[in-house]
Amino acid sequence: MTHRWLKGALGLLALGLAEGCGPAPASQAKPQSVTTASGVPMIVVPTGLFQMGSDDYEADEGPQHEVRISSFLMDQFEVTHDLFVKAQLPNPSRWQDDIRKPVERVRWREAKLYCNERSLMEGLTPCYDEAKPGWPCDFAANGYRLPTEAEWEYAARAGTGRLYSFGAPAKLKANGWFADNAGQRTHVVGTRRPNAWGLHDLYGNVSEWCQDVYEPDYYKRSPAADPLGPAGGAGDTRRVMKGGSWKASASMCRASFRKGQRTGDTDACFFTDFCGFRCVRRVTPADVLSLLAKAASEK
Amino acid sequence: MKHIKASVILGTIVLLQAAALRAGNVREELGDSKYKLVHESYANNNWELFVTSADGKSSVNLTNTPGVNELYPQASPDGAKICFLIDNGTGRATIRSLWVMNFDGTGRKKVTDRARQQCWAPDSQTIAFLPQEYSKFNVTDYYTKGISFHHLPSGNTREHVNTKLLHHLYNISYAPNGKWIVATVHAGMGYRHTNLLIEANGNKVINLGIDGCRPTFSPDGKHIAWGAGDHELAVVPIDIESDNPKLGKKFFQVFDKQNKIYHVDWSPDGRFLSLSRGPNGKGDITKPGTYEAACEIVGVHAKGWDIFAVKVARGSSVTIGHKPVYDWQPLTRNGYSNKESDWFLPPSK
């Protein structure tokens, strides 16, 4: 048993988890899945380089540019109803017929509040300072936060250069819930195929909040390593939303598609029923070894 | 010929002005009344309850408790008591509790913790309230589960017979016949968002099928006023004596094209409405005792928000901020997060 997790850990190191390693090879090996202290499955996304954006679609997706991403943990699934209420948060979702469905109608602030609550549940340091206007994010904290849009797109492409990591858009029906197959509603998470790194529903079900302020021309000046998005944003600025949803066309599900979404933070009622999210957290090789060891001992 | 035209125009203007005066000048009409409005206000770095005269000419800090955050006042139908909320603590460790006091601010007494969105039953002795959904605080208005009733003389609290099914309600208001409670529901009880009539002592729940939020019964029970949108308040007739009440057509509307208008409440004679009005925003979290959310939410600092009064007139509408100014009237002007007003007639001594 010990050999198995050690083998996995070594595999991760080979994938470039450790700081300073080169780009990740294109989906040659499947990154490891770990389970957090509160029981949430996450994927160890390796350090790597990728081409972010696209020069072939909307103006805000270009210019395509190379970005280096440091390793991080990302939720394998979108945050579900049962996880949201476990954090003692009121479930705002339109569809409440199955607790395994992704939460939607979630304001940007509520998604951040969930991140903090999950951090506290697991004894981690919350990333968002709820006492300051706009709840600024401490990216150095070890707790949960929303992904940057660069992290999100990197994870969606899963080591491929493609706009749909699985290949042709015609394969989308097997890989995500979108307008052509969702039947105008959300679905239980993980019921479409995962991408090469084991992440589900990045191409559909609900669109996902990112940390970044939305700026259409940000790619013209964004840093080459771990971009955090434009500065500012204590006001009610638009934030980046990535990924397809139950009501999105196939084209809107492509990895480079980006939308500037109003946060909903100034609305008493938020009716945007395709807004969901998933969490990420920074990770060190020691963290991964610890999580894998824990998983092995529990087995 | 020119003289004749000018005379006709002048005469028309005079007639229109006379008609306007006959329709009533809100400030003048309210100046004659003995009504008061109790409302929350953020003064001196904390929430206080103020009592303002119906014409807005005088306002008194009823609570005057630095460091204690009083919110969401509701005056009993007989005008003798006021129930209100106190927020104690910060962030998700905040305890929001329900309190009651006499209309003059004396005799403060805690009813229960983790409660919100309360209203009075017609007997002026029972307070209906919404228990908080989970133990940790959340500023969200629909963060509730069930309905409970506290009877002040006995000190007993009981749950609504259907309490297990009542989920994510907010802004409850009791019908004056005691038969119904009207409330907004968001993401609960199988509804996306709507306004419901809930049988006060039974299991019946009726979807009123209207968008918007924060409905409140008129004192005679014949109308409901509610926020039909961020910039519209509306009034519709309702027959609460029926076992299956239905709403009529919109009877009166209030608009504000620029500012949000919320928290509608009826004067005791049903002739006037009060409302909170202010700019869109999400509060200023640097203010102690406040939270970051939409300004209309209880506990959120709302710079520039004031209380206004309008006169209800069948088949008409009022647009605040536009002439003629005689059909709307600001009752507060300092913009100190003046919200959640409730009219009452203080008992005579």
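Rules used in this analysis
- Residues numbered from 1 in each chain as written.
- Chains lettered and ligands numbered in written order.
- Predicted model: local features only at pLDDT ≥ 70, side-chain atom pairs only at ≥ 80, totals over all residues.
- Contact = placed C-beta atoms within 7 Å.
- Nonpolar A, V, L, I, M, F, W, Y, C, P; charged D, E, K, R; others polar.
- pLDDT = per-residue confidence, 0-100.
- Pairing = 2+ DSSP bridges.
- Helix = DSSP H or I, 4+ residues; strand = E, 2+ residues; numbered from the N terminus.
- Axes fitted to C-alpha atoms, helices over the stretch in contact; angles between N-to-C directions.
- Core = buried A, V, L, I, M, F, W, Y, C linked by C-beta atoms within 7 Å.
- Buried ≥ 20, exposed ≤ 12 C-beta atoms within 10 Å, placed from the backbone.
- Expected span 1.5 Å × (residues − 1).
- Arc of directions from axis to C-beta.

Enquirer: I keep staring at the interface of chain A and chain B and nothing clicks. Help me out?
Expert: How big an interface is tends to be reported as the loss of accessible area on association of its parts. Chain A puts 21 residues into the contact, and the matching count from chain B is 26 residues. Across the side of chain A that touches chain B, the residue classes break down as 8 nonpolar, 5 polar and 8 charged.

Enquirer: In this structure, what is going on with the confidence of the model for chain B? I would like to understand it.
Expert: As a general rule, the predicted coordinates of low-pLDDT regions are not to be interpreted in detail. All names here are of chain B. In this model, chain B carries an average pLDDT of 93, and 93% of its residues clear a pLDDT of 70 or more. In the predicted structure, residues 14-23 sits below a pLDDT of 50 and forms 4 contacts with residues beyond four places in sequence or in another chain. Of the two predicted TM-score estimates for the complex, the pTM is 0.92 and the ipTM is 0.91.

Enquirer: Even after reading the chapter, I still don't get the sheet that holds strand S9 (residues 126-131) of chain B, so can you show me in this structure?
Expert: Sheet strands pair via backbone hydrogen bonds, and the direction of the pair is either parallel or antiparallel. Residues and elements named next belong to chain B. One open sheet accounts for 4 strands, arranged S8-S9-S10-S11; its pairing is antiparallel. Since the sheet does not close on itself, it has two edges, and those belong to strand S8 (115-120) and strand S11 (156-159), each with one partner. Here the average twist between neighbouring strands, direction ignored, is 25°. Strand direction decides the pairing type here: strand S10 (residues 148-151) and S11, joined by 4 bridges, are antiparallel. Directly across from His150, in S11, lies its bridge partner Thr157.

Enquirer: What's the story with the nonpolar core in this structure? I'm lost.
Expert: Grouped together as the largest cluster of nonpolar side chains are 94 residues, with contacts concentrated most on Ala128, Leu169, Ile181, Ala183, Leu233, Leu273 and Val310 of chain B. Element by element, the count of residues in this core is highest for strand S13 (residues 180-188) of chain B, at 6 residues. Discounting residues that sit within four places of it in the chain, Leu273 of chain B has contacts with Ala225, Leu233, Val254, Val264, Asp265, Trp266, Ala309, Val310 and Val312 of chain B. One finds Met42, Met52, Val67 and Phe84 of chain A within the second-largest nonpolar core, a separate group that totals 65 residues.

Enquirer: Just to check I follow, could you spell out unusual backbone geometry for this structure?
Expert: Most peptide bonds are trans, and most residues other than glycine sit at a negative phi. Following Gly62 of chain A, the chain continues to Pro63 of chain A via a peptide bond in cis, the omega torsion being 0°. Structurally, the position occupied by Pro63 of chain A is in the loop between strand S3 (48-52) and strand S4 (65-69). A positive phi angle, near 50°, is found at Asn64 of chain B, a position not held by glycine. Note that Asn64 of chain B resides in the loop between strand S3 (59-61) and strand S4 (69-75). Using a count of 14 C-beta atoms within 10 Å as the deciding quantity, one classes Asn64 of chain B as partly exposed.

Enquirer: Got a minute to help me understand the confidence of the model for chain A in this structure?
Expert: Model confidence for chain A is summarised by a mean pLDDT of 90, while 88% of its residues fall at 70 or above. This stretch, residues 1-28 of chain A, has a pLDDT under 50; its non-local contacts, to residues over four places away or in other chains, come to 56 contacts.

Enquirer: I'm lost on the pairing of S9 of chain B in this one. Help?
Expert: It is a general feature of regular strands that their side chains alternate between the two faces of the sheet. Residue and element names in this part refer to chain B. When you tally the buried positions in S9, you get 6 out of 6 residues, the bulk of the element. Looking at chain direction, S8 and S9 are connected through 4 bridges and run antiparallel. Each residue of the ladder has a partner; that of Arg116, found in S9, is Leu130. Remark: 5 residues form the turn of the hairpin made by S8 and S9, two consecutive strands paired antiparallel; Ser124 in that turn has positive phi of roughly 60°.

Enquirer: Is there a simple way to explain helix H6 (residues 285-298) of chain A in this structure?
Expert: Every α-helix winds through 3.6 residues per turn, so residues three or four apart in the chain are directed the same way. Residues and elements named next belong to chain A. With 14 residues, H6 extends 20 Å from end C-alpha to end C-alpha; this agrees with the ideal 20 Å at 1.5 Å per step. By the burial criterion, the buried members of H6 are Val288, Leu291 and Leu292. Along the axis of H6, the buried residues cluster in a sector spanning 95°; they form a single face. Across H6 from its buried face, at more than 90 degrees, point the exposed residues Ala286 and Ser297.

Enquirer: Looking at this structure, I do not really get the sheet that holds strand S19 (residues 252-255) of chain B. What am I missing?
Expert: All names here are of chain B. Spatially, 5 strands are ordered S16-S17-S18-S19-S23 in an open sheet, and the strand pairing comes out mixed. Because the sheet does not close on itself, it has two edges, and the strands there are strand S16 (213-217) and strand S23 (316-319). Direction aside, neighbouring strands of the sheet carry axes that sit 15° apart on average. Note: strand S17 (residues 223-229) against strand S18 (residues 232-237), 6 bridges, orientation antiparallel. Bridging across to S18, Trp226 finds its partner in Ala234.

Enquirer: Would you mind showing me how to read the pairing of S18 of chain B here?
Expert: Residue and element names in this part refer to chain B. Linking S17 to S18, which pair antiparallel, is a turn of 2 residues. Where S18 lies against S19, 4 bridges are found, and the strand directions are antiparallel. Opposite Ala234, over in S19, you have Gln253 as the bridge partner.

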